[in-house]
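Letter by letter, the chains look like this.
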Amino acid sequence: MEKQSEVKLFGTWSSGYCTRIELALKLKGIPYEYVEEDLSNKSDLLIHHNPVHKKVPVLVHNGKAIAESLVILEYIDEHWNHTPKLLPADPYERAKVRFWANFYDQKFGPSIYNIITSKGKEQEKAIEDSREVLKVFEEGIERDFPAKSPFLNGGTLGFLDIVVGSTACNFKAFNEVFAVVFDPEKNPAFCSWVTAMKDCPLMKETLPPHDRLVAKISKFFLKPPKA
């Protein structure tokens, strides 16, 4: 087992991408030091460890920095290869997990941002577009991972559960500030999956507090217009 000082995570409490890494480290039982970053005043250490993107999360292991959440998750699973495993053993199953993790980040994430940054008719269209992306995702998950319950990894959180749950489990905060996108009537399978993940004790202890997240989102995205 690694010593605590050998694993350090640079993150910010409200970031779902950072939550992913905390979930994986906790799930694997890896002790780590957490460093909270103020993204409006980034530390020299963060910029040193991630000079390309200058973003969180960054995992520093034995002095070596790894950036980008999906890359970090794979690194954790490969380096600490004891159970529980995040990715399936079968290469084809792993490929499917990677495909849908990338789809979620590259398609669904931007569709949510479009909702946040639009208003009126434009926002209504953005909501419909996002629901369509979610429908494609939901149907793909049902097709590629049939009879997986409650998590896609079986009895414990896996790679795709972590990728999706780290953001989707905060949907009530998003709905409260902006608009209802996650609708159980329109996306029953997806919402059932998210509910199961929200009920997982590890997810509960790692997700940011609801009220604090609502306040953060509101402050950041709903700034009053300048006089």
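Parameters and conventions
- Residues numbered from 1 in each chain as written.
- Predicted model: local features only at pLDDT ≥ 70, side-chain atom pairs only at ≥ 80, totals over all residues.
- Heavy atoms only, no water.
- Helix = DSSP H or I, 4+ residues; strand = E, 2+ residues; numbered from the N terminus.
- Buried < 20%, exposed > 50% of the residue type's maximum accessible area, 1.4 Å probe, protein only.
- Contact = heavy atoms within 4.5 Å.
- Salt bridge = Lys/Arg side-chain N within 4 Å of Asp/Glu carboxyl O.
- Phe/Tyr/Trp six-rings, centres within 6.5 Å; stacked < 30°, edge-to-face > 60°.
- Pairing = 2+ DSSP bridges.
- Axes fitted to C-alpha atoms, helices over the stretch in contact; angles between N-to-C directions.
- Core = buried A, V, L, I, M, F, W, Y, C linked by side-chain atoms within 4.5 Å.

Participant: What am I meant to see in the overall build of the protein chain here?
Facilitator: Along the protein chain, the regular secondary structure elements total 10 helices and four strands. Put simply, the protein chain runs from its N terminus to its C terminus through helices and strands in the order β-α-β-α-β-β-α-α-α-α-α-α-α-α. Taking all 227 residues of the protein chain together, 47% fall into the buried category. For the protein chain, long-range pairs separated by at least 24 residues make up 71% of all intrachain contacts whose partners lie at least 6 apart in sequence.

Participant: Explain the pattern of salt bridges to me, please; I cannot follow it from the model alone.
Facilitator: Side chains carrying opposite charge are able to pair once their charged atoms draw close together. Applying the stated criterion across every chain yields a total of 11 salt bridges. A salt bridge links Glu-33 to Lys-8, with the nearest nitrogen and oxygen atoms 4.0 Å apart. You can see Glu-33 sitting in strand β2 (residues 33–36) and its partner Lys-8 sitting in strand β1 (residues 7–11), a full 25 residues away along the chain. Given the relative accessible area of 33%, Glu-33 is considered partly exposed. Its relative accessible area of 23% is what places Lys-8 among the partly exposed residues.

Participant: Just checking my understanding: could you explain unusual backbone geometry for this structure?
Facilitator: Residues apart from glycine generally show negative phi values, whereas peptide bonds are mostly found in trans. Backbone torsion omega between Val-56 and Pro-57 reads 5°, so that peptide bond is classified as cis. Cis geometry is found at the peptide bond from Thr-83 to Pro-84, where omega equals 0°. Relative to the assigned elements, Pro-84 resides in the loop between α3 (69–79) and α4 (91–116). Of note, the phi angle at Lys-54 is positive, near 55°, even though the residue is not glycine. Secondary-structure assignment places Lys-54 in the loop between α2 (44–49) and β3 (58–61). For Glu-68, which is not glycine, the phi torsion reads 75° and is therefore positive.

Participant: When you look at the packing of aromatic side chains in this model, what are you seeing that I'm missing?
Facilitator: Two aromatic rings, taken as a pair, are described by how far apart their centres are and by the angle between their planes. Per the counting criterion, the structure on display carries 11 aromatic pairs. Centroid distance Phe-99 to Trp-100: 4.9 Å. Interplanar angle 90°. Geometry classified as edge-to-face. Residue classification places Trp-100 among the buried positions, given a relative accessible area of 4%. Plain terms: the ring middles of Tyr-104 and Phe-137 are 5.4 Å apart, the flat faces sit at 50° to each other, and that makes the pair tilted. In this pair, Tyr-104 is assigned in helix α4 and Phe-137 in helix α5 (residues 120–144), connecting sequence segments 33 residues apart. As far as burial versus exposure is concerned, Tyr-104 and Phe-137 are alike and both buried.

Participant: I'm lost on the sheet that holds strand β4 (residues 64–67) in this one. Help?
Facilitator: Through backbone hydrogen bonds, the strands of a sheet pair up, either in parallel or in antiparallel fashion. Spatial ordering of the open sheet is given by β2-β1-β3-β4, a layout of four strands whose pairing is mixed. Pairing within the sheet leaves two strands with one partner each, and these edge strands are β2 and β4. For this sheet the average axis-to-axis angle between neighbouring strands, irrespective of direction, equals 20°. When β3 meets β4, the two strands line up antiparallel, connected through four bridges. Note that in β4 the partner of Leu-59 across the bridge is Ile-66. Across the sheet, helix α1 (residues 16–28) touches β1, β2 and β3, and the angle it forms with β1 is around 155°.

Participant: Help me understand the environment of Leu-213, please; the structure alone is not making it clear to me.
Facilitator: Inspection of the secondary structure assignment puts Leu-213 in helix α10 (residues 210–221). Placed 115 residues apart in sequence, Leu-213 and Arg-98 show a C-alpha to C-alpha distance of 28 Å. Beyond its immediate stretch of four places on either side in the chain, Leu-213 contacts Trp-13, Ser-14, Asn-170, Ala-173 and Pro-208.

Participant: Got a minute to help me understand the nonpolar core in this structure?
Facilitator: Side chains that are nonpolar tend, in soluble globular proteins, to be buried together. Of all hydrophobic cores here, the largest spans 64 residues; its most connected members are Phe-137, Leu-157 and Leu-160. Looking at this core, the element that brings in the most residues is α4, giving nine residues.

Participant: Looking at this model, I keep getting lost on helix α6 (residues 159–168). Mind explaining?
Facilitator: Because the α-helix completes a turn every 3.6 residues, residues three or four places apart line up on one side. Counted residue by residue, α6 has nine buried out of 10 residues, so it is predominantly covered. Within α6, the full set of buried residues consists of Phe-159, Leu-160, Asp-161, Ile-162, Val-163, Val-164, Gly-165, Ser-166 and Ala-168.

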